[in-house]
Structures are given as C-alpha cells and as structure tokens.
Amino acid sequence: MARPKPTEFEKTKTVAENRRARFDYFIEDVYEAGIALTGTEVKALRSGEGSIAESYAEIRDGQVWLVNANVPEFSHGNRFNHEPKRPRKLLLHARQIEKLFGAVERKGMTLVPLSVYFNGKGRAKVELALAKGKQTHDKRASIKERDWKRDKARVLREHS
C-alpha cells in the first residue's frame with residue numbers, strides 16, 4: 001500500500017519566499033520540486049541568501065526550469081563560483097510535468113514558485129504553484145477581505 005502524501009511540506013529552513021505570489025495569483029495546486037544546484041549555490045542558500053520575488057517556472061523540452069531566481073555568488077567561492085541568475089532545473093516526476101504542461105498550455109495557467117526551503121533531509125526544495133493570474137478587481141477584493149479580517153480581529157481583541 002502506498003504511503004499517504006503529507007498535506008503540508010516539511011520545511012525546516014525557509015530561505016526565500018514569494019509573498020507577492022498569493023496576492024497576484026489564484027493558487028490552484030501546489031507541488032514540491034527538487035532543484036538542481038551547484039556546490040556554491042547550496043552554500044549561498046544555506047547562509048540565507050536568495051530571492052525568488054520576480055521568478056517563474058517554464059517547461060522546455062519536457063523539463064521544468066526555474067527562471068530569474070537570484071542566488072547571489074557565495075562570498076568564499078573561488079573562480080568556479082556560480083552565475084547568480086542562471087536557469088535552474090526543477091526535479092519533478094514525469095507525470096507531474098505532463099500535468100503541469102497540459103494546464104499551462106490549455107488553461108493558460110502560470111507556474112509560480114512560492115518558496116525555496118530545505119527539508120528535513122537537508123535537500124533544497126521549491127514549492128511550485130500552478131496559478132491563474134488575478135484581475136485588478138480581484139486584487140481589490142483581496143485587499144478588502146484582508147482589511148476586514150484585521151479589523152474583525154482588532155474588535156474581538158478589544159471586546160474580550
């Protein structure tokens with residue numbers, strides 16, 4: 001019998017988070033993908049550096065690539081240091097890639113990285129979301145809902 005999948009991914013150390021993604025997109029499905037890194041990239045990420053604020057993922061030749069993610073050069077790296085904004089290969093199962101490819105091609109969805117973290121085994125992972133872009137009025141509704149939740153919490157705190 002297959003082991004049940006955990007609903008939440010095991011994150012021991014979050015390195016980078018794309019906080020803007022949940023505001024700009026409706027998140028449909030979330031996948032955990034491995035990321036192919038070089039030695040100095042891993043060291044830079046372990047020291048807490050890295051940004052995925054303006055990055056996205058794309059499918060090329062049956063493989064998923066993380067584009068425009070910034071992992072700055074490692075401070076103690078030598079001449080073999082990595083390129084900060086190079087495309088990095090994401091490691092997913094073939095079935096997951098096919099599913100993502102179909103959704104991106106047919107439904108016009110986008111692959112957005114939500115966070116980069118290290119799991120319990122010490123491996124670098126990317127939380128990848130299949131998302132649909134929000135319109136301006138949807139963003140206004142999100143702001144309105146967020147403000148209402150904040151005001152409701154304030155009123156309940158004052159009332160008790």
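The structure we're discussing is the one just above.
The notes below deal with the structure included here. (Residues numbered from 1 in each chain as written. Predicted model: local features only at pLDDT ≥ 70, side-chain atom pairs only at ≥ 80, totals over all residues. Heavy atoms only, no water.)

Turning our eyes to something else, we now look at the overall build of the protein chain. Check the secondary structure of the protein chain and you find four helices and seven strands. In the protein chain, the succession of α and β elements from N to C terminus is β-α-β-α-β-β-β-α-β-β-α. Taken along the three principal axes of its C-alpha coordinates, the protein chain extends 60 × 40 × 40 Å. Taken over 160 residues, the protein chain has a buried fraction of 33%. Taking as baseline every contact in the protein chain between residues at least 6 positions apart, the subset at least 24 positions apart corresponds to 68%. (Helix = DSSP H or I, 4+ residues; strand = E, 2+ residues; numbered from the N terminus. Buried < 20%, exposed > 50% of the residue type's maximum accessible area, 1.4 Å probe, protein only. Contact = heavy atoms within 4.5 Å.)

Counted under the stated rule, the structure contains zero aromatic pairs. Residue placement shows Arg46 over the ring face of Phe118; its charged tip is 4.3 Å from the ring centre. (Phe/Tyr/Trp six-rings, centres within 6.5 Å; stacked < 30°, edge-to-face > 60°. Lys NZ or Arg CZ within 6 Å of the ring centre and 35° of its normal.)

Per the stated rule, a full pass over the model turns up eight salt bridges. The closest approach of N and O atoms between Asp24 and Arg20, which form a salt bridge, is 3.4 Å. The salt bridge partner of Asp147 is Arg150, with a shortest N-O separation of 3.2 Å. Taken together, the residues Asp147 and Arg150, both in helix 4 (residues 136-159) and three residues apart, mark about one turn of the helix. A relative accessible area of 30% places Asp147 in the partly exposed class. Note on Arg150: relative accessible area 43%, which makes it partly exposed. Ionic contacts of the salt-bridge type, sharing partners, join the residues Arg20, Asp24 and Lys139 into one network. (Salt bridge = Lys/Arg side-chain N within 4 Å of Asp/Glu carboxyl O.)

With that settled, consider the nonpolar core. Val64, Leu90, Leu92, Leu100, Leu111 and Leu128 are the most contacted members of the largest nonpolar core, which totals 27 residues. For this core, the secondary structure elements donating two or more residues are strand 1 (13-17), strand 2 (25-35), helix 2 (39-46), strand 3 (56-60), strand 4 (63-67), helix 3 (94-107), strand 6 (110-118) and strand 7 (124-133). Per element, the largest residue contribution to this core is four residues, and it comes from strand 7. The contacts of Leu111, once residues within four sequence positions are left out, are Tyr56, Ala57, Ile59, Val64, Leu100, Val104, Leu128, Ala129 and Leu130. Ranked by size, the runner-up nonpolar core spans five residues in total, among them Ala21, Val112, Leu114 and Ala129. (Core = buried A, V, L, I, M, F, W, Y, C linked by side-chain atoms within 4.5 Å.)

Our focus in this paragraph is helix 2. When we look at burial in helix 2, the residues that qualify are Thr40, Glu41, Ala44 and Leu45. Axial view of helix 2: buried residues confined to an arc of 140 degrees, hence all on one face. In the core, the buried residues of helix 2 are packed alongside strand 1, strand 5 (88-91) and strand 6. Count one or two residues on from helix 2 and you reach Gly48, which has phi positive near 90 degrees. (Arc of directions from axis to C-beta.)

Moving on, we get to the environment of Ala129. Examined against the element boundaries, Ala129 turns out to sit in strand 7. C-alpha of Ala129 to C-alpha of Lys139: the two residues are 10 residues apart in sequence and 18 Å apart in space. Among all residues touching Ala129, those that are not within four sequence positions of it are Ile27, Asp29, Val30, Thr110, Leu111, Val112 and Leu114.

Within the secondary structure layout, Leu92 lies in the loop between strand 5 and helix 3. Along the backbone, Leu92 and Val64 are 28 residues apart, and their C-alpha atoms lie at a distance of 7.8 Å.

A few words now on the side chain of Asp24. Residue position: Asp24 is located in helix 1 (residues 21-24). With near-sequence residues (within four places) excluded, Asp24 lies in contact with Gly133, Lys134 and Lys139.

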